[in-house]
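This is what each chain is made of:
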Amino acid sequence: MPSFASEIKREICNVPIKAPCCSVAELAGVICYGAVEKNNILYVKTEASFVAKRVYQLVKECLDMKCTVIRTGNSRRIYRVEIATADEIAKVYEKTGVSGQNVAEEVLDKFCCKKAFFRGVFLATGSCNDPKKSYHLEFSISKERSVETIIKLFEEIDMKAGILLRRNSKVVYLKDSDNIADTVGYMGATNSMMEIQRVKIYKVFKNNITRTVNFESANISKAAVNAAHQREIIRKIMDNIGLDSLEKSLRELALLRLEHECSLKELGEMMSKPLSKSGVNHKFKKLAEIAQSIKD
């Protein structure tokens, strides 16, 4: 079964790119944070065929260059998207505005391009836990690359991301469910955003029910303990001086308690002259005083 992060990436790969500038921004995100330059080849690795296809399309649209996709791996499929060879690498960097660890400001000048760039970064380095298990979205960036651009973009959409070190990576992450849902929606994965919100609503609803049930159970248990104590008092009176020794209302209440396992309010409603909960409680205090006065 595909992971939740994989579903987000699949949605992202289906987001229509409406302007050439957004194609460049998305590809810049992929290259800046996911591309590797080795043996005179600039390439990106991914386990998802749809991500490989997306990168291939972006290269074709933005750079008008030949791009090669190679499937490797034995136990699992790895797709290696070879973007450029030695004599073309400089051209790739120039056209995407990627320079070292940074991206040219003009690439991220428009709001739509910032969203596209975010998509590219997530395709290259992003992950998101299944919201049914926990709330966690992250970008895992290799130590030699800067995270300042990502942090700045988060700040521009009023989100404060955390940063931590994990082995050889710097991890930019979110833990708040609303922020995660907003970020996923910001990248264009609307269905995944709605799933996060649906799961959150379900969890809140479930937690409220659990709290209510626990509260009711606690009240029932407390009422049962009190009722048992009240019956002990009544039996002590009955065994020693008899219930006929009690005034009429106390005797009536004592008999009702012996017959019924119910709340004080319900007992009060059963009385020939109905009493409030506090009135019933007051009479039980009188019964307790009578029982206490009886010598063992």
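All of these numbers come straight from a predicted model, not from anything done at the bench.

How each quantity is defined
- Residues numbered from 1 in each chain as written.
- Predicted model: local features only at pLDDT ≥ 70, side-chain atom pairs only at ≥ 80, totals over all residues.
- Heavy atoms only, no water.
- Helix = DSSP H or I, 4+ residues; strand = E, 2+ residues; numbered from the N terminus.
- Rg over C-alpha atoms; globule rule 2.2 N^0.38 Å.
- Buried < 20%, exposed > 50% of the residue type's maximum accessible area, 1.4 Å probe, protein only.
- Core = buried A, V, L, I, M, F, W, Y, C linked by side-chain atoms within 4.5 Å.
- Contact = heavy atoms within 4.5 Å.
- Axes fitted to C-alpha atoms, helices over the stretch in contact; angles between N-to-C directions.
- Nonpolar A, V, L, I, M, F, W, Y, C, P; charged D, E, K, R; others polar.
- Expected span 1.5 Å × (residues − 1).
- Pairing = 2+ DSSP bridges.
- Parallel < 35°, antiparallel > 145°, perpendicular 65-115°, else oblique.
- Left-handed = near helix turned anticlockwise from the far one by under 90°.
- Patch = residues over 30% accessible without salt bridge, like charges linked within 9 Å, V, L, I, M, F, W, Y side chains within 5 Å.
- Areas by Shrake-Rupley, 256 points an atom, 1.4 Å probe, with all protein chains shown as cover.
- Salt bridge = Lys/Arg side-chain N within 4 Å of Asp/Glu carboxyl O.

Moving on: the overall build of the protein chain. Broken down by element type, the protein chain carries eleven helices and ten strands. Here the C-alpha radius of gyration of the protein chain, 35 Å, is well above what a compact globule of 296 residues would show, namely 19 Å. Taken along the three principal axes of its C-alpha coordinates, the protein chain extends 110 × 40 × 30 Å. Looking at the protein chain as a whole, 43% of its 296 residues are labelled buried.

What follows deals with the nonpolar core. Of all hydrophobic cores here, the largest spans 64 residues; its most connected members are Ile8, Ile83, Phe117, Phe139 and Phe154. When sequence neighbours within four positions are dropped, the list of residues in contact with Phe117 reads Ala25, Glu26, Ala28, Gly29, Tyr33, Val103, Leu108, Thr149 and Leu153. By size, the runner-up hydrophobic cluster in this structure holds 18 residues, among which are Ile237, Leu246, Leu250 and Leu287.

As a further point, take the packing of helix 1 (residues 4–13) against helix 8 (residues 190–240). At a closest axis distance of 8 Å, the pairing of helix 1 and helix 8 adopts a crossing angle of 145°. When helix 1 is examined against helix 8, the residues Phe4, Glu7, Ile8 and Glu11 are found in contact with a partner set consisting of Thr190, Asn191, Ser192, Glu195 and Ile196. Here the residues of the contact of helix 1 with helix 8 sort into three nonpolar, three polar and three charged.

Here we take up helix 8. Given a rise of 1.5 Å per residue, 51 residues ought to cover 75 Å, and the 75 Å separating the end C-alpha atoms of helix 8 matches this to within 8%. Buried residues of helix 8: Ser192, Ile196, Val199, Ala227, Gln230, Arg231, Ile233, Ile234 and Ile237, and no others. Those residues of helix 8 that are buried lie in contact with helix 1, helix 7 (177–186), helix 9 (248–259), helix 10 (264–270) and helix 11 (277–293). Within two residues after helix 8, Gly242 carries a phi angle of roughly 80°, on the positive side.

What follows is about the sheet that holds strand 4 (residues 78–85). Read across the open sheet, the four strands follow the order 1-2-4-3; overall the sheet is antiparallel. Taken across any chain shown, the strands that pair with only one partner, and hence form the sheet edges, are strand 1 (36–38) and strand 3 (68–72). Neighbour-to-neighbour, the strand axes of the sheet open up by a mean angle of 35°, direction not taken into account. Pairing of strand 1 with strand 2 (residues 41–46) involves three bridges; the strand directions are antiparallel.

Look at helix 2 (residues 20–34) against helix 3 (residues 49–63): their axes get within 9 Å of each other, and the N-to-C directions meet at 125°. It follows that helix 2 is oblique to helix 3 by the angle criterion. For the pair helix 2 and helix 3, the sense of crossing is left-handed. Facing Ser23, Val24, Glu26, Leu27 and Val30 of helix 2, the residues of helix 3 in contact are Arg54, Val55, Leu58, Val59, Glu61, Cys62 and Leu63. In terms of residue class, the contact of helix 2 with helix 3 is made up of eight nonpolar, one polar and three charged.

Before going further, it helps to spend a moment on a nonpolar patch on the surface. The grouping of Phe205, Ile209 and Val213 at the surface amounts to a nonpolar patch, some 280 Å² of accessible area in total. Counting through the fold element by element, Val213 comes out in helix 8. Classification of Val213 by relative accessible area gives partly exposed; the value is 44%.

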